[in-house]
Amino acid sequence: MSDSILRVTIGAEPPPRLDKALARDVPEEAALSRTRLAKLIDEGAVRHAGQVVTNPKISVTEGDVIEIALPEVTESHIEAEKLPLDVRYEDDDLIVVMKPAGMVVHPAPGTPDGTLVNALLHHFGGKLSGVGGVGRPGIVHRIDKDTSGLLVIAKSDRAHHGLADQFAAHSVERLYLALVHGHPDPADPRLRGVRGVSIEPGAVIKVTSDLARHKTDRQKQAVFFGHGKHAITRARVLEVFGTPAQLSLVECRLETGRTHQIRVHMAHAGHGLIGDPVYGGRRKVAKGALPDEAMVRLAAFDRQALHAAVLGFEHPVSGETIRFEAALPQDMDDLITSLRG
């Protein structure tokens, strides 16, 4: 099918360059993000005064008519699969789902199917306005395969751009619940002496560092200072289990969202997540310190005990502030119940 043509008339007092003027004057219903517009200019899909332009910096004036050739939305190469999907909210622009532990978010080498994206494509049934010109869900953040919890996914370009901006600005509320080894006590001199750890009002433990790939194990992330991506995690202990203290339920709030961030930061602080196979979550528990049932469940817990419990953001189209909460999955809830004896 042939491209459709969108004609945009530049309004009064336009920005001095084409890309910024288009970002301002393209009708909202066209759902073209700044990133998408930049790509269309680069691909030669934009005409100014009848001539193809590929320089986003050319000047425009009030009354100029810009023609944008919009290609038909192409099908994603990813196959749709009928898989269980726990939808917490959905409209024309986005969807919020509860991802179970064990499900990968996006297909990759080794996991070409059975992912959340495969399930979403089946759920949408082809009713996608397209992200970046392709009929696919817009993934703006991810959680690890063996972490459960809430995710928001864009269904349109305008939602994808708006959500991505919020994640980049660290304005999205993301609260996780984690079970960790030991008791991260803000009064503990050892904890206070860990580089990058500081204590904030309300007994909040703040971990600040850079994160980058481990020097020898490329599957892991590691804490650095002066190298890598800036990362901040705030943790607060909700409950302590065992006599003496063996495990804790911790609330973790992300200011940034780096790969494995909570898992790496809690391990760096000396309180790795229970069941974490990568960052040392198999520490021994003192004999007799926990109820027998809890010891059995703890030994059988085979994933990192981490759950994305709260997700809040500004709807990228309506501007409404929306917030979602997801109860703990059964395995974590059962373990906590047994820890309480």
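Presented here is a report on the structure given in the accompanying data block. Because the structure is a prediction, the values reported are computed rather than measured.

Re the overall build of the protein
- Per the secondary structure count, the protein includes 8 helices and 18 strands.
- Oriented by its inertia axes, the alpha-carbon framework of the protein measures out at about 80 × 45 × 40 Å.
- When burial is assessed residue by residue, the protein has 47% of its 341 residues classed as buried.
- Long-range contacts, defined as pairs at least 24 residues apart, comprise 64% of the intrachain contacts of the protein with a sequence gap of at least 6.
- When the accessible surface of the protein is totalled, it reaches about 16800 Å², and 49% of it is carbon and sulfur.
- Separation of charge centres in the protein, based on 41 positive and 44 negative side chains, amounts to 8 Å.

Remarks on empty space enclosed by the protein
- Here the structure, examined in full by the defined rule, presents 1 cavity of 30 Å³ or more.
- Approximately 40 Å³ is the volume attributed to the largest cavity.
- Lining the largest cavity are H141, L150, R174, L175, Y176, A308, V310 and L311.
- Those elements that provide at least two residues to the lining of the largest cavity are β11 (173-181) and β17 (306-314).
- Its residues placed into classes, the lining of the largest cavity shows 6 nonpolar, 1 polar and 1 charged.

A look at the packing of aromatic side chains
- With the rule as written, the count across this model stands at 2 aromatic pairs.
- A centroid spacing of 5.7 Å and a plane angle of 50° characterise the contact between Y89 and F324, whose relative ring orientation is tilted. Of this pair, Y89 sits in strand β6 (residues 86-90) while F324 sits in strand β18 (residues 321-325), and the two are 235 residues apart along the sequence.
- Since its relative accessible area comes to 12%, F324 is described here as buried.
- For the pair F313 and F324, a centre-to-centre distance of 6.3 Å together with 35° between the ring planes defines the contact as tilted. Highlighted residues: F313 in strand β17 and F324 in strand β18, separated in sequence by 11 residues.
- A relative accessible area of 3% places F313 in the buried class.

Looking at the nonpolar core
- Core analysis: the largest hydrophobic core is formed by 26 residues, its most contacted members being L116, I153, Y176 and I262.
- A per-element tally of this core places helix α3 (residues 116-124) first, with 5 residues.
- Aside from chain neighbours lying at most four places away, what touches Y176 is I143, T147, V250, E251, C252, L254, I262, L306, H307, A308 and A309.
- Counting 19 residues, the second largest nonpolar core, distinct from the first, contains L290, A305, A309 and M332.

Thoughts on the packing of helix α1 (residues 18-25) against helix α2 (residues 34-42)
- Between α1 and α2, whose axes approach to 10 Å, the crossing angle comes to 130°. As the angle between them shows, α1 and α2 are arranged oblique. Our pair here, α1 against α2, has a crossing hand that is right-handed. Judged by residue contacts, L18, D19, L22 and A23 of α1 engage R34, L37 and I41 from α2.
- The class makeup of the residues in the contact of α1 with α2 is 5 nonpolar, no polar and 2 charged.

Topic: the pairing of strand β15 (residues 229-241)
- Examined bridge by bridge, strand β13 (residues 204-213) and β15 share 7 bridges and lie antiparallel to one another. When the sheet's bridge partners are listed, I205 is paired in β15 with A235.
- Bridging between β15 and strand β16 (residues 247-254) involves 8 bridges; their strand directions are antiparallel. Of the residues in β16, the one forming a bridge with R236 is E251.
- If you look at the hairpin formed by β15 and β16, you'll find 5 residues sitting between the two strands, and G242 has a positive phi there, around 105°.

What counts and what doesn't
- Within each chain, residues carry numbers counting from 1 in the order of the written sequence.
- For a predicted model such as this one, the threshold for reporting local features is a pLDDT of at least 70, and the threshold for listing and counting side-chain atom pairs is 80 or more; totals across whole chains, interfaces and linings nevertheless cover every residue.
- Heavy atoms throughout the structure, all of them, feed into the side-chain values; hydrogens and water do not.
- Helix and strand labels come from DSSP, where a helix needs a run of H or I of at least four residues and a strand needs a run of E of at least two; each type is numbered from the N terminus.
- Partly exposed describes any residue whose relative accessible area lies between the buried limit of under 20% and the exposed limit of over 50%, with all areas from a 1.4 Å probe on protein chains only and scaled to the type maximum.
- Two residues qualify as a contact provided that any one of their heavy atoms is within 4.5 Å of a heavy atom in the partner residue.
- Only the protein chains shown count as covering a residue, and every accessible area follows the Shrake-Rupley method with a 1.4 Å probe.
- The charge count includes Lys and Arg as positive and Asp and Glu as negative, but it does not include His or the ends of the chains.
- We put the charge of a Lys on NZ, of an Arg on CZ, of an Asp on CG and of a Glu on CD.
- Points on a 1 Å grid over protein atoms alone make up a cavity when a 1.4 Å probe fits among them but cannot get out, and a pocket when they form an open set with protein on both sides within 12 Å along at least five of seven lines; lining residues each have an atom within 4 Å of a point.
- Grid points are joined across faces, edges and corners, and a volume is the space filled by probe spheres set on the points.
- Just so you know the grouping, Ala, Val, Leu, Ile, Met, Phe, Trp, Tyr, Cys and Pro go in nonpolar, Asp, Glu, Lys and Arg go in charged, and all remaining residues, Gly too, go in polar.
- Each aromatic pair joins two rings of Phe, Tyr and Trp (for Trp, the six-membered one) with centres within 6.5 Å, and gets the label stacked for planes under 30 degrees apart, edge-to-face for over 60, and tilted for any other angle.
- Among buried residues, those of type Ala, Val, Leu, Ile, Met, Phe, Trp, Tyr and Cys that are joined through side-chain atoms within 4.5 Å constitute a nonpolar core.
- Structural elements are reduced to axes, namely lines fitted to C-alpha atoms, with helices fitted over the stretch in contact, and the angle between N-to-C directions of any two is expressed from 0 to 180 degrees.
- Should an angle lie under 35 degrees it is considered roughly parallel, over 145 roughly antiparallel, and from 65 to 115 roughly perpendicular; all remaining angles are considered oblique.
- By the definition used in this description, the sense in which the near helix is turned from the far one sets the handedness, with an anticlockwise turn below a right angle giving left-handed and a clockwise turn giving right-handed.
- Strand pairing is assigned whenever DSSP detects at least two bridges linking the two strands.

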